[in-house]
Amino acid sequence: MKIADILDAKGRTVHTILPWATVADAVARLERLGVGALVVCDGDHRMVGIVSERDLIRELAHRGPDLLDLRVDEVMTTKVATSRLEEPIASAMARMTRDRYRHLPVLDGGRLVGMVSIGDLVKARLRDMELETGVLRDMFIAAH
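Per an unreviewed UniProt entry, the protein goes by CBS domain-containing protein and derives from Pseudonocardia lutea.

As structure tokens, then:
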């Protein structure tokens, strides 16, 4: 399975926020949408970073409640790991586990076309394993 298969199943909606929005706006948007990260895009819809729950917790520990008044571009991660539609799920899972991040924006020809989470990848891999197990079980039963 590839990243494109996950996006085909879950959809290609990418939740974004502007870099000059406040952290309070980002927190409200994360909560309202029930997501763990927002892609930060400039006025021309180019990805300039990502802000996740983890980023916000880390900054809250350093800055305290004043964090909510800061701009998103003051706390976002600017070195964003990305994926491509053709990337195998196992490869993306390995990178996410190794580098300890939970969200991967997906690019196609430099254009943002989706986002996957580690949960999306695990769910897809489990479905794949269940299918493989069922096929093997059926083959075993048919052989005996």
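Once the structure has been displayed, the description carries forward.
Draft legend 1. Molecular detail of the environment of H103. Summarising the element assignment, H103 is placed in strand 5 (residues 103-108). For the pair formed by H103 and A124, sequence separation is 21 residues and the distance between their alpha carbons is 15 Å. Dropping the residues within four chain positions of it, H103 is found in contact with G36, A37, I50, M96, M115, V116 and S117.

Draft legend 2. Representation of the UniProt feature "domain: CBS" (unreviewed entry) in the protein. The positions that UniProt labels "domain: CBS" (unreviewed entry) are, in the present scheme, residues 10-67 and 76-131. Between the end C-alpha atoms of residues 10-67 there is a gap of 33 Å, over a span that is 40% helix and 22% strand.

Draft legend 3. Fine view of the sheet that holds strand 6 (residues 111-117). Spatially, 4-5-6 is the arrangement adopted by the three strands of the open sheet, whose pairing is mixed. A single partner strand is all that each edge strand has here, and the edge strands are strand 4 (83-84) and strand 6. Pairing of strand 4 with strand 5, which is carried by two bridges, proceeds in the parallel orientation. The residue bridging R84 from the neighbouring strand is L107, located in strand 5.

Draft legend 4. Structural context of the pairing of strand 6. Extensive coverage of strand 6 is indicated by the burial of five of its seven residues. With six bridges joining them, strand 5 and strand 6 adopt antiparallel strand pairing. Within the sheet, the bridge partner assigned to L107 lies in strand 6 and is L112. What sits between strand 5 and strand 6 in their antiparallel hairpin is a turn of two residues, with G109 showing a positive phi close to 60°.

Parameters at a glance
Throughout, a residue's number is its position along its own chain's written sequence, starting from 1. For this predicted model, a pLDDT threshold of at least 70 governs which residues receive local features, and a threshold of 80 or more governs which side-chain atom pairs are given and counted, while totals over whole chains, interfaces and linings are taken from all residues. Neither water nor hydrogens contribute to the side-chain values; these are computed over all heavy atoms in the structure. Secondary structure elements follow DSSP: runs of H or I of four or more residues count as helices, runs of E of two or more count as strands, with numbering from the N terminus. In this analysis, two residues are considered to be in contact whenever any of their non-hydrogen atoms come within 4.5 Å of each other. UniProt positions are given in the numbering used here, feature names are shortened, and annotations may be inferred rather than shown by experiment. By the convention used here, strands pair only if DSSP detects at least 2 bridges between them. Each residue's exposure class comes from its accessible area (1.4 Å probe, protein chains only) as a fraction of the maximum for that residue type: buried when under 20%, exposed when over 50%, partly exposed otherwise.

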